[in-house]
Amino acid sequence: MKIMQAKRAVLALLFTVALGGTMGTAATAHAAAYSTVSTTNVTKAAYHKKSTAGAIYNKAHSKKLATMKGYPNTTWYVTKHATLKHGNTKGIYYYVQNKAGSVKGWTWHGYLVKGTAPFGLKYAKNAVAMDYTTGEAVWSKSANTARPIASVSKIMTLYLTLQKVNSGSGKWSDVVKTSDAGLVAMSKDAGCGGFVFKSGHKYTVQDLYYAALLDSSNNAAIALGQWVAGSNAKFIKQMNAQAKAWNLDKASFVSASGLENSDLKVFGYNYGSANANMVSAKDVALIARHLIQDYPRVLTDGSIGSKTVDGQTAYNYNNMLAGRKYYKSSLNVDGLKTGYTPLAGYCFVGTGQKSGKHRVITVVLHDENEFTETQSLMNKAYSYSSMNN
């Protein structure tokens, strides 16, 4: 009997509603409904969450509609105040909804702070928006932390390819060796390939450039690296030497393609002791800036939706280009490179130039909503006066 009474006492304590009085937290929803003491309409005002604590309920608190933690960087618009009673306790609650109106309900007033929410990205683990003109980051999120970047790595491979062609030491029409057994096997692998190296076909530097840039072909990128430097190992050393020359101290490469060594090993192209290319969002943006500055043709090439290369379709996975789902004419996106591995997550280097503004370069890493968040990041960058022409 005493044990049952103790359990009831604990449950009663858990179900007590916070008031702005003796306790500092609001109660969670449970079977017993909250009753309304009074409701007042108020002038619409913006609030944002005070912390990750809290949730939104129906007025009776019999159903949880959303958690505050699930909506970071969200501005909540309050249009009503209510005093709700639960048991012997009363509390003040606000009726809130997000900007889209997709989430509406009641939350304890102590979970909110007046004012619009600061800008942030919900999904990207690392991100940066860089002013192309100055090379300065105008907004960032953990931008100096190195992490795997998947096929975004190819912007360095493409830079070194263009460097060789433009220096005169190589030509677009040069035939690249693609008959290595590992490359052929990789090209036919559903998870690691992307552009098939067919027996008896000859592929030029230009063919593989488009296959790597548009179709993100891993075997094409590795073949280009071997053409540039003479071997896979020598090319990766060249990638790291270039990063060092640019003073990128958060950039380390073990792969020309962006595939991790755990995938490359079976094809014979693993290199070094680390598993993946490790580069910070800011250093990715700086590599992209060098690529655009030195070889601006990459913007024209990077805005191609798809291209037939030796009978195969090289499809550009940048869904912010004209005609694609995330296209916004005002952002005028014309590049640059997507990437994905399970380890790196979805990655994207975007660039565009809004009318009257400097060109922007954005990077989002490990972002399951990479294109929508890139849109938000670009618009945020353009909100700064420093980005004005």
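Calculation criteria
Residues numbered from 1 in each chain as written. Predicted model: local features only at pLDDT ≥ 70, side-chain atom pairs only at ≥ 80, totals over all residues. Heavy atoms only, no water. Helix = DSSP H or I, 4+ residues; strand = E, 2+ residues; numbered from the N terminus. Rg over C-alpha atoms; globule rule 2.2 N^0.38 Å. Contact = heavy atoms within 4.5 Å. Lys, Arg positive; Asp, Glu negative; His and termini not counted. Charge placed at Lys NZ, Arg CZ, Asp CG, Glu CD. Buried < 20%, exposed > 50% of the residue type's maximum accessible area, 1.4 Å probe, protein only. Phe/Tyr/Trp six-rings, centres within 6.5 Å; stacked < 30°, edge-to-face > 60°. Lys NZ or Arg CZ within 6 Å of the ring centre and 35° of its normal. Pairing = 2+ DSSP bridges. Axes fitted to C-alpha atoms, helices over the stretch in contact; angles between N-to-C directions. Parallel < 35°, antiparallel > 145°, perpendicular 65-115°, else oblique. Nonpolar A, V, L, I, M, F, W, Y, C, P; charged D, E, K, R; others polar.

The name that an unreviewed UniProt entry assigns to the protein is Serine hydrolase, with the source organism given as Levilactobacillus tangyuanensis.

1. Observations regarding the overall build of the protein
Looking only at helices and strands, one finds ten helices and 19 strands in the protein. Relative to the globule expectation of 21 Å for 389 residues, the C-alpha radius of gyration of the protein, 27 Å, shows a markedly less compact shape. Here the C-alpha coordinates of the protein stretch approximately 85 × 60 × 40 Å along the principal axes. Sequence separation of 24 or more characterises 63% of the internal contacts of the protein that already satisfy a separation of 6 or more. On the protein, the mean spot of the 44 positive side-chain charges and the mean spot of the 19 negative ones are 16 Å from each other.

2. Observations regarding the environment of Gly91
Relative to the helices and strands, Gly91 resides in strand 5 (residues 89–97). Residue classification places Gly91 among the buried residues on the basis of a relative accessible area of 4%. As for Gly91 and Asn247, which are separated by 156 residues in sequence, their C-alpha atoms are 57 Å apart.

3. Thoughts on the packing of aromatic side chains
By the definition in use, this model includes 17 aromatic pairs. Aromatic pair Tyr209 and Tyr210: ring centres 5.2 Å apart, planes at 70°, arrangement edge-to-face. We note that Tyr209, like Tyr210, is buried. By the ring-pair criterion, three or more aromatic residues cluster together here, those being Tyr159, Trp246 and Tyr295. For the cation-ring pair, Lys80 lies above Tyr95, with the distance from its terminal atom to the ring centre recorded as 5.4 Å. Against the face of Trp227 rests Lys164, its NZ or CZ located 4.4 Å from the ring centre.

4. Some details on the sheet that holds strand 13 (residues 251–252)
Read across the open sheet, the three strands follow the order 10-14-13; overall the sheet is antiparallel. If you trace the sheet from one side to the other, it starts and ends with strand 10 (147–148) and strand 13, each paired once. Across two bridges, strand 10 lies against strand 14 (residues 278–279) in antiparallel orientation. From the neighbouring strand, Pro148 faces strand 14, where its bridge partner is Met278.

5. Digging into the packing of helix 5 (residues 218–229) against helix 6 (residues 232–245)
For any two helices packed against each other, the geometry is given by the interaxial angle and the distance between the axes. One way to put it is that helix 5 packs onto helix 6 with a least axis distance of 8 Å and a crossing angle of 85°. As judged from the angle between their axes, helix 5 and helix 6 are roughly perpendicular. For the pair formed by helix 5 and helix 6, the contact residues are Ile222, Gly225, Gln226, Val228 and Ala229 on the first element and Asn232, Lys234, Phe235 and Gln238 on the second. Here the residues of the contact of helix 5 with helix 6 sort into four nonpolar, four polar and one charged.

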